[in-house]
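Each chain, letter by letter, is given below.
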Amino acid sequence: MTKFWAVVTIIVAAGLGLLLVQASNPVHFTDLETECQYDRGTVSNMDVKHNRLYFSGHFPVQSPEADLSYSYSQSDDRVTLNIQKSGDSPLSDFYNTCNAVAVYDGFTNEKLEPGLYTVTVKHAGEEADKRKIRIE
């Protein structure tokens, strides 16, 4: 019987841990990485589905080994997503040509309340897109 309660405790703790991780991450990314691509242009897309913001895009970086992270802030009628890079020094020993690109695709975990929002997407601190979005 003791083993049973140990297993139940572990399952409950794991479930609570997953809830805390989701609560601490305001954006769920299905893709947040660097890749080698032919296109090194800058693209930023935003969409609204079911009162959630969806973000996707890419922008050039120096190295396919650059680390990506993000910051997200929301206050009243302003939302800002900044895709950040670090460790972005050019590679000197890379075989062939690599056009390194930071790629992201994700959505907000929390639904937005109805209203008019100014949504800004930044790539490494530089404004890539800014729009007014109405949530019904």
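**Student:** Tell me what's going on with the overall build of the chain, and back it up with residues and numbers.
**Tutor:** Secondary structure assignment for the chain yields one helix and eight strands. Out of the 136 residues belonging to the chain, those deemed buried represent 29%. Of the contacts formed within the chain by residues at least 6 apart in sequence, a portion of 69% connects residues at least 24 apart. Of the roughly 8,800 Å² of accessible surface on the chain, a fraction of 52% belongs to carbon and sulfur atoms.

**Student:** Tell me what's going on with the environment of A124, and back it up with residues and numbers.
**Tutor:** Relative to the helices and strands, A124 is located in the loop between β7 (115–123) and β8 (126–135). Accessibility expressed as a relative area gives 34% for A124, which makes it partly exposed. Along the primary structure A124 and V61 are separated by 63 residues, whereas in three dimensions their C-alpha atoms are 9.4 Å apart. Those residues in contact with A124 that sit more than four places away from it in its chain are F59, N82, I83 and K85.

**Student:** Describe the sheet that holds strand β3 (residues 52–60), with residues and values.
**Tutor:** The strand order β1-β6-β3-β2 describes an open sheet built from four strands, whose pairing is antiparallel. Lying at the two open borders of the sheet, with one neighbouring strand each, are β1 (27–36) and β2 (43–49). Between one strand and the next, the sheet's axes are offset by a mean angle of 5°, whatever the strand orientation.

**Student:** Give a detailed account of the environment of H123, specifying residues and quantitative values.
**Tutor:** By secondary structure assignment, the location of H123 is in strand β7. Sequence separation of H123 and I83 is 40 residues, and the distance between their C-alpha atoms is 5.1 Å. Residues within four places of H123 in sequence aside, it is in contact with T42, V43, S44, H58, F59, N82, I83, Y104 and A128. Only 2.8 Å separates the side chain of H123 from the side chain of Y104, close enough to count as a polar contact.

**Student:** Please provide a residue-by-residue account of the side chain of N109, values included.
**Tutor:** When you line up the elements, N109 lands in the loop between β6 (100–108) and β7. Among the polar contacts made by the side chain of N109, one reaches the main-chain carbonyl oxygen of N25 at a distance of 2.4 Å.

**Student:** A description of the sheet that holds β8 should follow, citing residues and the corresponding values.
**Tutor:** Reading across the sheet, the four strands line up as β4-β5-β7-β8 and stay open at both edges, with mixed pairing between neighbours. For this open sheet the edge positions go to β4 (67–75) and β8, each flanked by a neighbour on one side alone. The average undirected angle you get between the axes of adjacent strands in this sheet is 15°. In this sheet, β7 lies alongside strand β5 (residues 78–86) in parallel orientation, the contact comprising six bridges. Counted as the bridge partner of V79 is V119 from β7.

**Student:** Mind laying out unusual backbone geometry, listing which residues take part and the relevant values?
**Tutor:** With a phi close to 65°, N51 is a non-glycine residue in the positive phi region. Position of N51 relative to the elements: it lies in the loop between β2 and β3. Residue classification places N51 among the partly exposed positions, given a relative accessible area of 24%. Here the phi dihedral of D76 falls at roughly 50°; this positive angle occurs in a residue that is not glycine. Following the sequence through the fold, D76 ends up in the loop between β4 and β5.

Rules used throughout
Residues numbered from 1 in each chain as written. Predicted model: local features only at pLDDT ≥ 70, side-chain atom pairs only at ≥ 80, totals over all residues. Heavy atoms only, no water. Helix = DSSP H or I, 4+ residues; strand = E, 2+ residues; numbered from the N terminus. Buried < 20%, exposed > 50% of the residue type's maximum accessible area, 1.4 Å probe, protein only. Contact = heavy atoms within 4.5 Å. Areas by Shrake-Rupley, 256 points an atom, 1.4 Å probe, with all protein chains shown as cover. Pairing = 2+ DSSP bridges. Axes fitted to C-alpha atoms, helices over the stretch in contact; angles between N-to-C directions. Polar contact = N/O pair within 3.5 Å; in protein donor to acceptor, adjacent residues only side chain to side chain.

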